[in-house]
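# Fold and contact review
These are the residues of each chain, in order.
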There are 2 protein chains.
Amino acid sequence: MPARQVAVAEAARPFFVGIDLGGTNTKLGVVDDQGRVVAQHKMPSQIEQGPEAGARRMGEAVRQLLQDLGISAAEVGRVGLGTPGTMDIPAGMLIRPHNLPGWENFPIRDRVSHYCGYPVTFANDAAAAAYGEYWVGSGHRWQSMLLLTLGTGIGGGIVIGQLNIQGAHSHGAECGHIIIDYNETARTCPCGQKGHLEGYASATAVVQRLEEALAQGAETSLRRRVEQGEKLSPLLLAQEAEKGDPFALNMIQETARYLGIGITSLLHTIDPEGVVLGGAMNFGGAESPLGRQFLQWVREEIQRRAFPVVAQNLNLEFASLGGDAGFIGAAGLARIDYRQSRAAL
Amino acid sequence: MPARQVAVAEAARPFFVGIDLGGTNTKLGVVDDQGRVVAQHKMPSQIEQGPEAGARRMGEAVRQLLQDLGISAAEVGRVGLGTPGTMDIPAGMLIRPHNLPGWENFPIRDRVSHYCGYPVTFANDAAAAAYGEYWVGSGHRWQSMLLLTLGTGIGGGIVIGQLNIQGAHSHGAECGHIIIDYNETARTCPCGQKGHLEGYASATAVVQRLEEALAQGAETSLRRRVEQGEKLSPLLLAQEAEKGDPFALNMIQETARYLGIGITSLLHTIDPEGVVLGGAMNFGGAESPLGRQFLQWVREEIQRRAFPVVAQNLNLEFASLGGDAGFIGAAGLARIDYRQSRAAL
């Protein structure tokens, strides 16, 4: 189900504000107590202006959004913030966020809190997106869920009940970095290590595998498009696959198999009620025959490899909140903290 | 730290009874509210007499043990039961426990409860052992922990705060069955699948790898011992390694590397505060130079492969409760349920 909308007048109190900070854009939104979106706003992150200016812009955007809606401070529970890259969650610090150059070692949680005037819950962006899908997206019927986001890299999120696994060192659910091949001959991940899932099945890895196959003389209709100056991408691959190019179809199936292998290891570790695939690389997603075929290939590989009980009961779906999952989930994580702090009173 | 003992008079109320059902023996013990052992009892499981007789013997042993200690029913919080093999935890059922032939599809939780007269918390035996080490063993200072038990197979347990990950289909923390090599050329696990960690680093796998190496003409002092009629085992391997046999040392190092590879994937999924290695295959454990060398080799492989923050902060230790971890942990899980049911009143 896509994100539900609700007007302020009909919304369930209190409100939560979620912020999803990205390398290019920042999305924020006001969400009600049932996870429905009251309003949202997208703005350029302007990373080059530095983290203090960024924290101020985010804080001011939160205040402006609430003011425009006529929501008073008393009606706001808490603010949630999801950010990319390595971080120290208990300390509220960005550590080395690769796509936020110049924002290293910045106490972003407390600075955003300072500028918006509300307590802020801090989370990894993939963990926030996972919680969004779990709360009101594809996983809303499940008690536990695994999310893999397929994009430039492979992000992960694991939710079990009210627990979002972020790890003792803020490195939990780095599901792109599980090893699927320990051998020296394995592919190299952008992180520098051998044999990680991300080195096989991210959009970046798919493009690399395509380049290698073309260099080795693969017969495919992709070749002409590249020769015409187009850039290799999962989208180009999907277009040729939809036209029936056997090489392109096989490349997508192979990608699905790698994902099935990685997901099997994760199922045998977590055994969640369902698995959600998010991110831009979805080959058309649930709306397209190719997207559904991709999902089916992932499922088949899991059924080949996982314990029968786990494979037979597998729920595997595409994410449904799209780019809204991050801010909705950040708001949802803020809601957990808000409720726990209320319960402790 | 090994299991602490306490006399009934000094014990913290209420008491919990833990039962660890194995294919050969059953251990049970009375544990106080701080995880100290008041008394324990070991008896043959007598699997061949069937599950109903077994449940009755366990129930009666619980009552006898409490009676011998002069503990009244009012002082007992709850009973915990850990069992091996596939199970349905919410239903309290044994499903297909491989080393309990004839005990398939048996409602063991409720039958033991019937015979002992207390509510019973039901868990996977590895999950119970993990909780024991987490509560009062090697992990007692950590907020989250991963346990791998190295024996005939490789069992696993994952504890995060008060959550013991048992999975939506009672298949959580099957850490022996994560894939470390997806290729067709990978080793085969006893479960029938390719490339599982258990197919490389369990005691069974170590013996298989030794047999293969001997058949291929490996030069090692193990050969003479086998020719003299001794049986290959991790113990024999450890003896020759301690005498300096290079092949034997290399085989143990290779085993440590496989474990380090699997643990890296688990660290990138869970990012626990610490990892504990339990089970019989510990090459002498923390008391022996070879055992410490084994642990160091595991650590080195993790440091080679895991994210720097995770590797640098890694706590890796041998289990310390030995064969008592199972019943202590089962009692500890019973204690969680007891406290939650009290809090709900």
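Residues numbered from 1 in each chain as written. Chains lettered and ligands numbered in written order. Predicted model: local features only at pLDDT ≥ 70, side-chain atom pairs only at ≥ 80, totals over all residues.

### Notes on the overall build of chain A
When helices and strands are tallied, chain A shows eleven helices and twelve strands. Its C-alpha atoms give chain A a radius of gyration of 21 Å, near enough to 20 Å, the size a compact globule of 345 residues would have. By principal-axis analysis of the C-alpha atoms, chain A measures approximately 65 × 45 × 40 Å. A burial count over chain A gives 53% of its 345 residues as buried. (Helix = DSSP H or I, 4+ residues; strand = E, 2+ residues; numbered from the N terminus. Rg over C-alpha atoms; globule rule 2.2 N^0.38 Å. Buried ≥ 20, exposed ≤ 12 C-beta atoms within 10 Å, placed from the backbone.)

### Quick notes on the interface of chain B and chain A
Between chain B and chain A, the residue contacts involve 37 residues of the former and 37 residues of the latter. With seven residues, the single largest contributor to the side of chain B that touches chain A is helix H8 (residues 246–270) of chain B. Residues belonging to the side of chain B that touches chain A are distributed by class as follows: 17 nonpolar, 15 polar and five charged. (Contact = placed C-beta atoms within 7 Å. Nonpolar A, V, L, I, M, F, W, Y, C, P; charged D, E, K, R; others polar.)

### A word on the domain arrangement of chain A
Residues and elements named next belong to chain A. In terms of domains, chain A is made up of domain 1 (8–132 + 323–343) and domain 2 (141–319). For domain 1 versus domain 2, the distance between C-alpha centres works out to 28 Å. Every contact between the two is made by 13 residues of domain 1 and, on the other side, 15 residues of domain 2. Among the secondary structure elements, those contributing two or more residues to the side of domain 1 that touches domain 2 are strand S5 (86–88), strand S7 (120–124), helix H3 (125–136) and helix H11 (325–343). The dominant element in the side of domain 1 that touches domain 2, judged by the number of residues it contributes, is H3, at five residues. Here the side of domain 1 that touches domain 2 is composed, by residue class, of eleven nonpolar, one polar and one charged. (Domains from an automatic or database assignment.)

### Some thoughts on the packing of helix H1 (residues 51–69) of chain A against helix H2 (residues 108–116) of chain A
Residues and elements named next belong to chain A. Taken N-terminus to C-terminus, the directions of H1 and H2 make an angle of 45 degrees; their axes are 7 Å apart at the nearest point. In terms of their interaxial angle, H1 and H2 are classed as oblique. Where H1 crosses over H2, the handedness of that crossing is right-handed. Residues Pro51, Glu52, Ala55, Arg56, Met58, Gly59, Glu60, Val62 and Arg63 of H1 touch H2, and the partners they reach there are Ile108, Arg111, Val112, His114, Tyr115 and Cys116. Considered class by class, the residues forming the contact of H1 with H2 number eight nonpolar, two polar and five charged. (Axes fitted to C-alpha atoms, helices over the stretch in contact; angles between N-to-C directions. Parallel < 35°, antiparallel > 145°, perpendicular 65-115°, else oblique. Left-handed = near helix turned anticlockwise from the far one by under 90°.)

### Comments concerning helix H7 (residues 234–242) of chain B
Residue and element names in this part refer to chain B. Considered for burial, the residues of H7 that qualify are Pro234, Leu237, Ala238, Glu240 and Ala241. Along the axis of H7, the buried positions cluster into a sector of 165 degrees, meaning they face one direction only. Phi turns positive one or two residues past the end of H7, at Gly244, with a value near 100 degrees. (Arc of directions from axis to C-beta.)

### Let's talk about the sheet that holds strand S11 (residues 274–278) of chain B
What links the strands of a sheet is backbone hydrogen bonding, and the strands pair in either a parallel or an antiparallel sense. Residues and elements named next belong to chain B. Pairing is mixed in the open sheet, where five strands are placed in the order S10-S9-S8-S11-S12. Either end of the sheet is taken by a strand with one partner, and the two such strands are strand S10 (163–164) and strand S12 (315–318). Here two bridges tie strand S9 (residues 154–160) to S10, and the two strands are oriented antiparallel to one another. By the bridge assignment, Ile160 is partnered in S10 with Leu163. (Pairing = 2+ DSSP bridges.)

### Notes on the relation of the copies chain B and chain A
At an RMSD of 0.0 Å, chain B and chain A line up after a rotation of 180 degrees and a shift of 0.0 Å along the axis. Here the copies are linked by what is in effect a two-fold axis. When C-alpha distances to the rotation axis are compared across chain B, the minimum falls at B:Asp181, with a value of 2.1 Å. Residue by residue, 100% of the interface of chain B is reproduced at the interface of chain A, so both copies engage with the same surface. (Least-squares fit on C-alpha atoms with pLDDT ≥ 70 in both.)

### Brief notes about the nonpolar core
Membership of the largest hydrophobic core comes to 210 residues, with the highest contact counts inside it found for A:Val17, A:Ala130, B:Val17 and B:Ala130. Those residues within four positions of A:Ala130 in sequence are excluded, and the remaining contacts are A:Met145, A:Leu147, A:Gly157, A:Ile158, A:Val159, A:Asn164 and A:Gly329. (Core = buried A, V, L, I, M, F, W, Y, C linked by C-beta atoms within 7 Å.)

### Describing the sheet that holds strand S2 (residues 25–31) of chain B
Residues and elements named next belong to chain B. The sheet built from five strands is open, its strands ordered S3-S2-S1-S4-S7 with mixed pairing. For this open sheet the edge positions go to strand S3 (37–44) and strand S7 (120–124), each flanked by a neighbour on one side alone. If you compare each strand with its neighbour and ignore which way they point, the axes differ by 15 degrees on average. Sitting on the sheet, helix H1 (residues 51–69) touches strand S1 (15–21), S2, S3 and strand S4 (76–83), and the angle it makes with S2 is about 35 degrees.

### Remarks on helix H9 (residues 289–305) of chain A
In an α-helix, one turn spans 3.6 residues, which is why side chains three or four residues apart end up on the same side. Residue and element names in this part refer to chain A. Here H9 spans 24 Å end to end across 17 residues, near enough to the 24 Å set by a 1.5 Å rise per residue. Among the residues of H9, those classed as buried are Phe294, Leu295, Trp297, Val298, Glu301, Ile302 and Arg305. Buried positions in H9, seen along its axis, are confined to an arc of 155 degrees and lie on one side of it. Of the surrounding secondary structure, the elements contacted by the buried residues of H9 are helix H8 (246–270), helix H10 (308–312) and strand S12 (316–318). (Expected span 1.5 Å × (residues − 1).)

### Quick word on the confidence of the model for chain A
Mean pLDDT over chain A stands at 96; residues scoring 70 or higher make up 100%. In the predicted assembly, ipTM is 0.94 and pTM is 0.95. (pLDDT = per-residue confidence, 0-100.)

### A short note on the environment of B:Leu150
Relative to the assigned elements, B:Leu150 resides in strand S8 (residues 144–150). Here the alpha-carbon distance between B:Leu150 and B:Val17, two residues 133 residues apart in the chain, equals 26 Å.

### Concerning the pairing of strand S3 (residues 37–44) of chain A
Within a regular beta strand, the side chains point alternately toward one face of the sheet and then the other, so they alternate between its two faces. Residue and element names in this part refer to chain A. Summarising the sheet, strand S2 (residues 25–31) and S3 pair through seven bridges and their orientation is antiparallel. By the bridge assignment, Leu28 is partnered in S3 with His41. Hairpin connection from S2 to S3: five residues lie between these consecutive antiparallel strands, with Gly35 at a positive phi of about 80 degrees.

### Considerations on the environment of A:Ile71
Residue and element names in this part refer to chain A. Mapped onto the secondary structure, Ile71 falls in the loop between H1 and strand S4 (76–83). C-alpha separation for the pair Ile71 and Phe15, spaced 56 residues apart in sequence, amounts to 8.4 Å. Those residues in contact with Ile71 that lie beyond four places of it in its chain are Val8, Phe15, Val30, Leu66 and Val76.

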